[in-house]
Amino acid sequence: APCTWNAVQGALPMHLMTAQATLALVKWLTAYPGDHPRQLRVVDTVDQEPIHYACEFNRLEVVQWLVEQDENVLIAETSNGEQSVHHAVEAGHLDLIKWLVVKRPTLATATDHYGSQPVHYAAEAGHVAVIQYLVDDAAASALNKTSDGWQPVHYACNGGHLEVAQFLHQRGAPIDTPADNGDMPIKIARDAGHNNIVQWLQGLVVYIPVVPPAPPLVPQPSAVTVGSFTDLPHGPVMLDVEDLALG
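Only a predicted model underlies this, so the values are computations on that prediction, with no experimental measurement involved.

The rules behind these values
Residues numbered from 1 in each chain as written. Predicted model: local features only at pLDDT ≥ 70, side-chain atom pairs only at ≥ 80, totals over all residues. Heavy atoms only, no water. Helix = DSSP H or I, 4+ residues; strand = E, 2+ residues; numbered from the N terminus. Contact = heavy atoms within 4.5 Å. Areas by Shrake-Rupley, 256 points an atom, 1.4 Å probe, with all protein chains shown as cover. Core = buried A, V, L, I, M, F, W, Y, C linked by side-chain atoms within 4.5 Å. Buried < 20%, exposed > 50% of the residue type's maximum accessible area, 1.4 Å probe, protein only. Patch = residues over 30% accessible without salt bridge, like charges linked within 9 Å, V, L, I, M, F, W, Y side chains within 5 Å. Salt bridge = Lys/Arg side-chain N within 4 Å of Asp/Glu carboxyl O. Phe/Tyr/Trp six-rings, centres within 6.5 Å; stacked < 30°, edge-to-face > 60°. pLDDT = per-residue confidence, 0-100. Axes fitted to C-alpha atoms, helices over the stretch in contact; angles between N-to-C directions. Parallel < 35°, antiparallel > 145°, perpendicular 65-115°, else oblique. Left-handed = near helix turned anticlockwise from the far one by under 90°. Nonpolar A, V, L, I, M, F, W, Y, C, P; charged D, E, K, R; others polar. Polar contact = N/O pair within 3.5 Å; in protein donor to acceptor, adjacent residues only side chain to side chain.

> Would you take a moment to explain the overall build of the protein for this structure?
For the protein, the count of helices and strands is 13 helices and two strands. Residue pairs at least 24 apart in sequence account for 63% of intrachain contacts in the protein once pairs closer than 6 positions are excluded. As displayed, the protein has an accessible area near 13500 Å², and 56% of this comes from carbon and sulfur atoms.

> What is the right way to look at the nonpolar core in this model?
One recurring pattern in soluble globular proteins is that nonpolar side chains are buried together. Among the nonpolar cores identified, the biggest contains 60 residues, and Val63, Leu66, Ile97, Leu100, Ile131, Leu134 and Leu168 are the most heavily contacted of them. Top element by residues in this core is helix H9 (residues 128-136). It accounts for six residues. In this view, Ile131 contacts Val119, Ala122, Ala123, Val164, Phe167 and Leu168; residues no more than four positions away in its chain are not counted.

> Hey, could you run me through the environment of Ser79 in this one?
Its location among the elements puts Ser79 in the loop between helix H5 (60-69) and helix H6 (84-91). Classification of Ser79 by relative accessible area gives partly exposed; the value is 44%. With sequence-adjacent residues up to four places away left out, Ser79 is seen in contact with Val46, Asp47 and His113.

> Is there a simple way to explain a nonpolar patch on the surface in this structure?
Taken together, the side chains of Leu25, Trp28 and Tyr32 define a hydrophobic patch exposed on the protein surface, amounting to about 310 Å² of accessible area. Structurally, Trp28 can be placed in helix H2 (residues 23-29).

> Honestly, the packing of aromatic side chains in this entry has me stumped. Any pointers?
The relation between two aromatic rings is expressed through the spacing of the ring centres and the mutual angle of the planes. Considering all chains together, one arrives at one aromatic pair under this definition. Aromatic pair Trp150 and Tyr155: ring centres 5.0 Å apart, planes at 65 degrees, arrangement edge-to-face. Each member of the pair, Trp150 as well as Tyr155, carries the same accessibility label: buried.

> Before we go on, may I ask you to explain the pattern of salt bridges in this structure?
Pairing between side chains of opposite charge can happen when the charged atoms of each approach one another. The full count for this structure, using the stated rule, is six salt bridges. Residues Arg41 and Asp70 are paired through a salt bridge, measuring 3.2 Å at the closest nitrogen-oxygen approach. One end of the pair, Arg41, is in the loop between helix H3 (36-40) and helix H4 (50-56); the other, Asp70, is in the loop between H5 and H6, with 29 residues separating them in the sequence. Judged by relative accessible area, Asp70 falls into the partly exposed class, the value being 22%. As a salt-bridge pair, Lys187 and Asp183 come within 3.7 Å of each other at their nearest N and O atoms. Since its relative accessible area comes to 36%, Lys187 is described here as partly exposed.

> Can you help me understand the confidence of the model for the protein in this one?
Interpreting fine coordinate detail is not advised for predicted regions of low pLDDT. Looking at the protein as a whole, its pLDDT mean stands at 85, while 79% of the residues score no less than 70. For residues 1-6, every residue scores under 50 in pLDDT, and the model assigns this stretch 14 contacts once sequence neighbours within four places are set aside. Across residues 223-247, confidence stays below pLDDT 50; counting only partners more than four residues off in sequence or on other chains, it has 23 contacts.

> Would you mind showing me how to read H9 here?
Since the α-helix advances by 3.6 residues per turn, residues separated by three or four positions end up pointing in the same direction. Looking only at H9, the buried set comprises Val128, Val130, Ile131, Tyr133, Leu134 and Val135. Contact partners of the buried residues in H9: H6, helix H7 (94-103), helix H8 (118-125) and helix H11 (162-170).

> Quick question: what am I supposed to make of the packing of H6 against H8 here?
A pair of packed helices can be characterised by two numbers: the angle between their axes and the separation between those axes. At a minimum axis separation of 8 Å, H6 and H8 run at an interaxial angle of 20 degrees. The pairing of H6 with H8 is recorded here as roughly parallel in orientation. Where H6 crosses over H8, the two elements pack in a sense that is right-handed. For the pair formed by H6 and H8, the contact residues are Val85, His86, Val89 and Glu90 on the first element and Pro118, Tyr121, Ala122 and Ala125 on the second. Tallied by class, residues from the contact of H6 with H8 come to six nonpolar, one polar and one charged.

> It is not clear to me how the side chain of His52 should be interpreted in this structure. Could you clarify?
Looking at where His52 falls in the secondary structure, it is placed in helix H4. For His52, a relative accessible area of 0% translates into the label buried. For His52, the side chain forms a polar contact with the main-chain oxygen of Ala76, separated by 3.0 Å. Setting aside residues no more than four positions away along its own chain, His52 makes contact with Asp47, Ala76, Glu77, Thr78, Glu82, Gln83, Ser84 and His87.

Following this line, the structure appears as structure tokens:
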């Protein structure tokens, strides 16, 4: 039976059809009586559904048809919590992302099991136009942290995406915020070998010289103290009354 044949990594015919075949073939595969609902929500070994494959391969027409059949496919989660929008963002399909977010605005901030939102996926992949859309038009935050304290700028520095890091900084992302393990964006970029980002980050740092405070003023004793020691520039000197010229 073709509807139960397992392919590479657990992908079934419905997954492969939504990734590469025409919409007519996708519809044909779901035409068997009683098989339609199961085919729409069939999962592979990591719980990816046809909607995830269609989004990854930028099959807008297929995505629209799947959503017409069951709008809940938009929020179907894989084993690590990825939804349809995460796959579209990771692949950089801006028109598809816009359609998904207009259809369901909450997808712009959908969170996977690790606290990552679409803006993190876009930063890691280096999709500048997607980042701009999510932050400027879809109410995503450039400051959002994952469960381990990584902001989008950390992902951009790790991936070597200078233009993304610069855009995030322009939108208020700090460059001196450490992740939960203490790693700053500059350390992450340096460890990953992205010297262009390291140089850019170093250029943003403004060093303010630390001037030590002036020592407190100590009251000085009188220049002449009869019958005792007095602190003069060259040290204490004993003065006798006879040595003083009293006028």
